[in-house]
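# Structural overview
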Amino acid sequence: MIKNSRAKYYEETDFASVMKNRHGKRVIPTVKRITMNISERVYDEANELDSYLGMGYQNVLKTAMTLGLTDLYHQVSSHKIPGK
């Protein structure tokens, strides 16, 4: 009986209307944009890495920034703060 009612539910329910009538809010993350001036040397290095990685020079720069921030965070968090 339960199996038949489940099958009937899936056969008769219009899921498009169910999805449209969601009660929760849709959260769209905001993208933070920055404009940076980089040297030609950094640009050339990013393009060189891009030719090896194939991910676009801008994504190479984003990855380098992320790795640098992660490394900086670990360096700072590993030291004791004086007076605390």
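Residues numbered from 1 in each chain as written. Predicted model: local features only at pLDDT ≥ 70, side-chain atom pairs only at ≥ 80, totals over all residues. Heavy atoms only, no water.

### Focus: the packing of helix 3 (residues 40-53) against helix 4 (residues 57-77)
- Interaxial distance between helix 3 and helix 4 falls to 8 Å at its minimum, and their mutual angle equals 105 degrees. Between helix 3 and helix 4, the angle falls in the class roughly perpendicular. Residue-level contacts link Val42, Tyr43, Ala46, Asn47, Leu49, Asp50 and Leu53 of helix 3 to Tyr57, Val60 and Leu61 of helix 4.
- Residue composition of the contact of helix 3 with helix 4, by class: eight nonpolar, one polar and one charged. (Axes fitted to C-alpha atoms, helices over the stretch in contact; angles between N-to-C directions. Helix = DSSP H or I, 4+ residues; strand = E, 2+ residues; numbered from the N terminus. Parallel < 35°, antiparallel > 145°, perpendicular 65-115°, else oblique. Contact = heavy atoms within 4.5 Å. Nonpolar A, V, L, I, M, F, W, Y, C, P; charged D, E, K, R; others polar.)

### Observations concerning the layout of surface pockets
- In this structure, the largest pocket encloses a volume near 690 Å³.
- Taken together, 20 residues make up the lining of the largest pocket; nearest its centre are Met36, Gln58, Leu61, Lys62 and Met65.
- At the level of elements, helix 3 and helix 4 are the ones that each hand at least two residues to the lining of the largest pocket.
- Per element, the largest residue contribution to the lining of the largest pocket is nine residues, and it comes from helix 4.
- In terms of residue class, the lining of the largest pocket is made up of 13 nonpolar, three polar and four charged. (1 Å grid on protein atoms, 1.4 Å probe; cavity = no way out; pocket = protein on both sides within 12 Å on 5 of 7 lines; lining within 4 Å. Points joined across faces, edges and corners; volume = space filled by probe spheres on them.)

### Comments concerning the confidence of the model for the protein chain
- Scored by pLDDT, the protein chain comes out at a mean of 80, with 79% of its residues at no less than 70.
- By mean pLDDT, helix 2 (residues 15-20) is the weakest element of the protein chain at 68, and helix 3 is the strongest at 93. (pLDDT = per-residue confidence, 0-100.)

### Looking at the packing of aromatic side chains
- A complete count under the given rule lists one aromatic pair for this structure.
- Aromatic pair Tyr43 and Tyr57: ring centres 5.0 Å apart, planes at 75 degrees, arrangement edge-to-face. Of this pair, Tyr43 sits in helix 3 while Tyr57 sits in helix 4, and the two are 14 residues apart along the sequence.
- Judged by relative accessible area, which is 35%, Tyr43 ranks as partly exposed.
- Assessed through its relative accessible area of 28%, Tyr57 is described here as partly exposed. (Phe/Tyr/Trp six-rings, centres within 6.5 Å; stacked < 30°, edge-to-face > 60°. Buried < 20%, exposed > 50% of the residue type's maximum accessible area, 1.4 Å probe, protein only.)

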